[in-house]
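# Analysis of the macromolecular model
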Amino acid sequence: MAIKISACYITKNEERTLARSLNSLKGQIDELIVVDSGSTDNTVTIAKKYGAQVYHHEWTDDFAAARNVALEKATGDWIIFLDADEYFAEESAAVIRKAIAGARGDAIKVTIINIQEDTGKEIARSLVLRMWKNKPARRYVGRIHEHVREGEKNLDNIECIADIFLYHTGYSEEKMKQKSERNLKLLM
């Protein structure tokens, strides 16, 4: 039996980056879930153009809450959860289904490459959890810097596939200032 893969996103005014991210998943997913928290641009139109099931969730200053709405809607055997400013390298996207089908664990970390948007230069890379088996107890925790847990436990049995590359372009001087101000407000 084929593995059903659900891609999940939370969005707000992501018209500039969403299509690139969705294109990077072409042919690799079976279901697309987008939870939008009040976009005033063409984000929702773009998501629907790609066949997304779009749900609306009022922003409550809680990233985990918004992400969990998407997880509750997803029906796939596996989840891929991306931000709208993240996209898979073409050669990496082509092997997502194969990587999931052959996974030795029940969650997968991939290499994320953070790109400075103003210059196009790499500023950092690390392994991040972006794919896992869909289980009801697996949910995000944390208003910011949210992460996936299974009930009260951290996920274990995680496989690292370092040669699957995910690019993240959410770094520019202006964006970093905005994110810092937002995060400080949430932490207060």
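The present account deals with the structure reproduced in this document. Note that this is a predicted model, so its numbers are computed, not measured.

### Quick look at the packing of aromatic side chains
- For the coordinates displayed, the defined rule picks out four aromatic pairs.
- One aromatic cluster is present, built from ring pairs that chain together Phe-81, Trp-132 and Tyr-140.
- Above the face of the Tyr-140 ring, Arg-67 is positioned so that its terminal group lies 5.3 Å from the ring centre.

### Some points on the side chain of Gln-116
- Inspection of the secondary structure assignment puts Gln-116 in strand β6 (residues 107–116).
- For Gln-116, the side chain forms a polar contact with the main-chain nitrogen of Thr-119, separated by 3.1 Å.

### A few points about unusual backbone geometry
- Non-glycine residue Asp-61 carries a positive phi angle of around 60°.
- Judged by its relative accessible area of 24%, Asp-61 is partly exposed.
- Non-glycine residue Asn-157 carries a positive phi angle of around 55°.
- Examined against the element boundaries, Asn-157 turns out to sit in the loop between β10 (153–154) and β11 (158–171).

### Here's the deal with the nonpolar core
- Core analysis: the largest hydrophobic core is formed by 30 residues, its most contacted members being Tyr-9, Leu-25, Ile-80, Phe-88, Ile-96, Ile-100 and Met-131.
- Setting aside residues up to four positions removed in sequence, Phe-88 forms contacts with Ser-24, Leu-25, Ile-80, Leu-82, Ala-93, Ile-96, Ile-164, Phe-165 and Leu-166.
- Ala-64, Leu-71, Ile-79 and Leu-155 belong to the second largest nonpolar core, which has 20 residues in total.

### Points about the pattern of salt bridges
- Scanning all chains against the criterion turns up 10 salt bridges.
- The closest approach of N and O atoms between Arg-138 and Asp-106, which form a salt bridge, is 2.8 Å. In this pair, Arg-138 sits in strand β8 (residues 138–141) while Asp-106 sits in the loop between α5 (96–101) and β6, placing the two residues 32 residues apart along the sequence.
- Judged by its relative accessible area of 2%, Arg-138 is buried.

### Topic: the sheet that holds β8
- Ordered in space as β8-β9-β10, the three strands form an open sheet in which the pairing is antiparallel. In the strand order of this sheet, the two ends are held by β8 and β10, each with one partner.

The rules behind each value
- Residues numbered from 1 in each chain as written.
- Predicted model: local features only at pLDDT ≥ 70, side-chain atom pairs only at ≥ 80, totals over all residues.
- Heavy atoms only, no water.
- Phe/Tyr/Trp six-rings, centres within 6.5 Å; stacked < 30°, edge-to-face > 60°.
- Lys NZ or Arg CZ within 6 Å of the ring centre and 35° of its normal.
- Helix = DSSP H or I, 4+ residues; strand = E, 2+ residues; numbered from the N terminus.
- Polar contact = N/O pair within 3.5 Å; in protein donor to acceptor, adjacent residues only side chain to side chain.
- Buried < 20%, exposed > 50% of the residue type's maximum accessible area, 1.4 Å probe, protein only.
- Core = buried A, V, L, I, M, F, W, Y, C linked by side-chain atoms within 4.5 Å.
- Contact = heavy atoms within 4.5 Å.
- Salt bridge = Lys/Arg side-chain N within 4 Å of Asp/Glu carboxyl O.
- Pairing = 2+ DSSP bridges.

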